[in-house]
Amino acid sequence: MLYFDLSKVVYILTMLAAICTIFGSLEILLKSIISIYSGLSLNKPIERLCSALNFGNSIASQAEIKYQIKNFIFPKLIYNNVEFSVKQLLKKILEMYSGQIVLITGKSAMGKTTLMRYLYCKLIKKYRCAFIQMKGINSIQKIVEKIETQIRQDNRQTDKGVIIFLDGLDEAIRWQIENKGRIENWIISLFDPQSDNSLYNILCKDKKIDVFNFIFSLRPEMLEDVQSLFGYNNNNLSTSIYEISKMSEKNIIKMFKSLKQLVRLEKKYTDIDKRRHQYRYPKIWEEWKYIRFFKKLLRNDKTSIFYYPMFVR
């Protein structure tokens, strides 16, 4: 026969009643706990990035984003014809004055988006940040709305400005068409502080958002058309340009091996019917065959597509 301590049962029921009285109901209590947990979760850089990308209708899954950041392989950058590291770039961004622009360029599949996401996760620890995917954007107002939404989610009290990330400026196809293909027109409409209707002035003057600086990515073939707009000699668009270099053979092999982490993360964070990477990595006893293949291929073909991160993944 089971024995119940009636006094303890009464005490527990009394406590639950008191809690329900304070919160109105147990349902409200649970919602409050979930809300607090969600707020704490959003304090983590990767969770904030996932939230920003979901708001932009990203096709990247949570597992893919976590994989990119946790297994980030530092590319070599070229700045003013000098080799530059990502750590040097981060330091330079933190030392910049307000209003300066950072431009990340590199051929398609070189890892511009991954680098942008990594910079976001590092810089959001000290600054409020907004990450906008430019694909499908066709107005400045859309960008402003996305920035405002992300800033509202960050309730940290800080006197530092906001860093705006614009990923894939060349992918805003509709915008280019509306401006008759003149990319320089809409770059000016974004960043020029002398233009009353520019994104910079709308955020700073109309929305009272203190913009620290912009970081955006652009393909090199489009950069050639607007090179004259940038540089330290241009007071309006003072810009530092960093180009991503081709990956080394060592980093290619390292990236290939890291794909096993993508498989594990996808199992943890993605529903079975939405998994895309479960067969991306060979069985452990076959791994050496693929590595040997990669090394041979890279040695014989210095122009191989596998020098580009996206094709390795």
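As a reminder, the structure under discussion sits directly above these lines.
Residues numbered from 1 in each chain as written. Predicted model: local features only at pLDDT ≥ 70, side-chain atom pairs only at ≥ 80, totals over all residues. Heavy atoms only, no water.

(A) Main features of the packing of helix H12 (residues 249-269) against helix H13 (residues 287-300). Where H12 meets H13, the closest approach of the two axes is 11 Å, and the angle between their N-to-C directions is 150 degrees. Judged by the inter-axis angle, H12 sits roughly antiparallel to H13. The handedness of the crossing between H12 and H13 is right-handed. Where H12 abuts H13, its residues Glu-249, Ile-252, Ile-253, Phe-256, Lys-257 and Lys-260 lie against Glu-287, Tyr-290, Ile-291, Phe-294, Lys-295, Leu-298 and Arg-299. Class assignment for the residues of the contact of H12 with H13 results in seven nonpolar, no polar and six charged. (Axes fitted to C-alpha atoms, helices over the stretch in contact; angles between N-to-C directions. Helix = DSSP H or I, 4+ residues; strand = E, 2+ residues; numbered from the N terminus. Parallel < 35°, antiparallel > 145°, perpendicular 65-115°, else oblique. Left-handed = near helix turned anticlockwise from the far one by under 90°. Contact = heavy atoms within 4.5 Å. Nonpolar A, V, L, I, M, F, W, Y, C, P; charged D, E, K, R; others polar.)

(B) Spatial organisation of empty space enclosed by the protein. Counted by the stated rule, this structure contains one cavity of 30 Å³ or more. Roughly 50 Å³ of internal volume is contained in the largest cavity. In terms of lining residues, the largest cavity is bounded by Arg-48, Ala-52, Tyr-120, Ile-124, Cys-129, Gln-150, Gln-153 and Asp-154. Those elements giving two or more residues to the lining of the largest cavity turn out to be helix H3 (45-55) and helix H7 (140-153). Of the residues that constitute the lining of the largest cavity, the class distribution is four nonpolar, two polar and two charged. (1 Å grid on protein atoms, 1.4 Å probe; cavity = no way out; pocket = protein on both sides within 12 Å on 5 of 7 lines; lining within 4 Å. Points joined across faces, edges and corners; volume = space filled by probe spheres on them.)

(C) Summary view of the packing of helix H4 (residues 62-70) against H12. Remark: H4 packs on H12, axes separated minimally by 9 Å, with the N-to-C direction vectors making an angle of 145 degrees. H4 and H12 meet at a crossing whose hand is right-handed. Contacts between H4 and H12 involve Gln-62, Ala-63, Glu-64, Lys-66 and Tyr-67 from the former and Met-255, Ser-258, Leu-259, Gln-261, Leu-262, Leu-265, Glu-266 and Tyr-269 from the latter. Taken together, the residues of the contact of H4 with H12 break down into seven nonpolar, three polar and three charged.

(D) Region of interest: the sheet that holds strand S1 (residues 77-79). Strand order in the open sheet formed by seven strands is S2-S1-S7-S3-S6-S5-S4, and the pairing between neighbours is mixed. The open sheet has two edge strands, strand S2 (82-84) and strand S4 (128-133), and neither has a second partner. Taken over all neighbouring pairs, the strand axes of this sheet differ in orientation by 25 degrees on average, direction set aside. Inspection of the sheet shows strand S5 (residues 162-167) paired to strand S6 (residues 211-218) by five bridges, in the parallel sense. When the sheet's bridge partners are listed, Phe-165 is paired in S6 with Ile-215. (Pairing = 2+ DSSP bridges.)

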